[in-house]
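In case you want the letters, here they are:
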Amino acid sequence: MADKKRFMTKNNLKIFLLVLFIAGSVALIKFSGISEHLDPDTLRRWIESYGKLGPLIFILLYAIAPSFMLPGLPITIVGGVLFGPVWGIVYVSIGATIGATIAFLISRHMGRGWVEKILSNNSGKWEELDNKVKQKGWKIVALTRLVPLFPFNGLNYAFGLTSIKPTHYIVFAFVFMLPVIAIF
């Protein structure tokens, strides 16, 4: 019983910290003025100032952006303007995939145990849904990445709470982000 209580307390703390991190990131962006620096011209000048290190700086920026709920569209546009259509797609897709993976893993580590506990306490319907996501989650990843109506950053965290295999998420997120990246 003590182990179960400790498990619940640890999971509750993790999910609280996850929610606090996401909410804090959104508040930081909204109230700190960081969003002013996401103007494509400002970003372009900043990345260009690094010269030959520009592509690496760009990829690093894109890799951390999803975790902090920064909008990806301005960064994507800057990638195309700075590096052209071919290298822009390469650098954006690498950065976006790394960023999506980081957010996914944060969510998986911090919130998945909480979700599993909820699933085990509820009807078999939730477990059935979770098993379907584990088996066919790639289709959901494909759909949500191909249709840009779904919020990219929120999905990274949401998929981390599911039972989809991390390798499936990473591979299919990368593959199905490419058409949208190319369009932007």
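The coordinates are above.
Keep in mind that what you see is a predicted model, and the values were worked out from it rather than measured. (Residues numbered from 1 in each chain as written. Predicted model: local features only at pLDDT ≥ 70, side-chain atom pairs only at ≥ 80, totals over all residues. Heavy atoms only, no water.)

Draft legend 1. Highlighting the layout of surface pockets. Computed from the structure, the largest pocket encloses a volume of approximately 390 Å³. Around the largest pocket, the lining comprises 19 residues; the ones closest to its centre are Tyr62, Pro148, Phe152, Val180 and Phe184. Mapped by element, the contributors of at least two residues to the lining of the largest pocket are helix 4 (73–121), helix 5 (124–146), helix 6 (152–161) and helix 7 (166–183). With 4 residues, helix 6 is the largest single contributor of residues to the lining of the largest pocket. Among the residues forming the lining of the largest pocket, the class breakdown is 13 nonpolar, 5 polar and 1 charged. (1 Å grid on protein atoms, 1.4 Å probe; cavity = no way out; pocket = protein on both sides within 12 Å on 5 of 7 lines; lining within 4 Å. Points joined across faces, edges and corners; volume = space filled by probe spheres on them. Helix = DSSP H or I, 4+ residues; strand = E, 2+ residues; numbered from the N terminus. Nonpolar A, V, L, I, M, F, W, Y, C, P; charged D, E, K, R; others polar.)

Draft legend 2. The nonpolar core, seen in detail. If you look at the biggest cluster of nonpolar residues, it comprises 25 residues, and the most contacted ones within it are Phe58, Ile75 and Tyr169. Going through the elements one at a time, helix 2 (40–48), helix 3 (54–64), helix 4, helix 5, helix 6 and helix 7 are the ones with two or more residues in this core. Broken down by element, the residue count for this core peaks at 8 residues, all from helix 4. Ignoring anything within four residues of it in the chain, the contact list for phenylalanine 58 reads Ile47, Ile75, Val78, Gly79, Phe83, Tyr91 and Val92. Judged by nonpolar contacts, the second largest core, of 5 residues, contains Ile15, Leu18, Ala103 and Tyr157. (Core = buried A, V, L, I, M, F, W, Y, C linked by side-chain atoms within 4.5 Å. Buried < 20%, exposed > 50% of the residue type's maximum accessible area, 1.4 Å probe, protein only. Contact = heavy atoms within 4.5 Å.)

Draft legend 3. Up close: helix 3. Burial analysis of helix 3 places 8 of its 11 residues in the buried class, the great majority of the element. Looking at helix 3, one finds that the buried residues are Gly54, Pro55, Ile57, Phe58, Ile59, Leu61, Tyr62 and Ala63.

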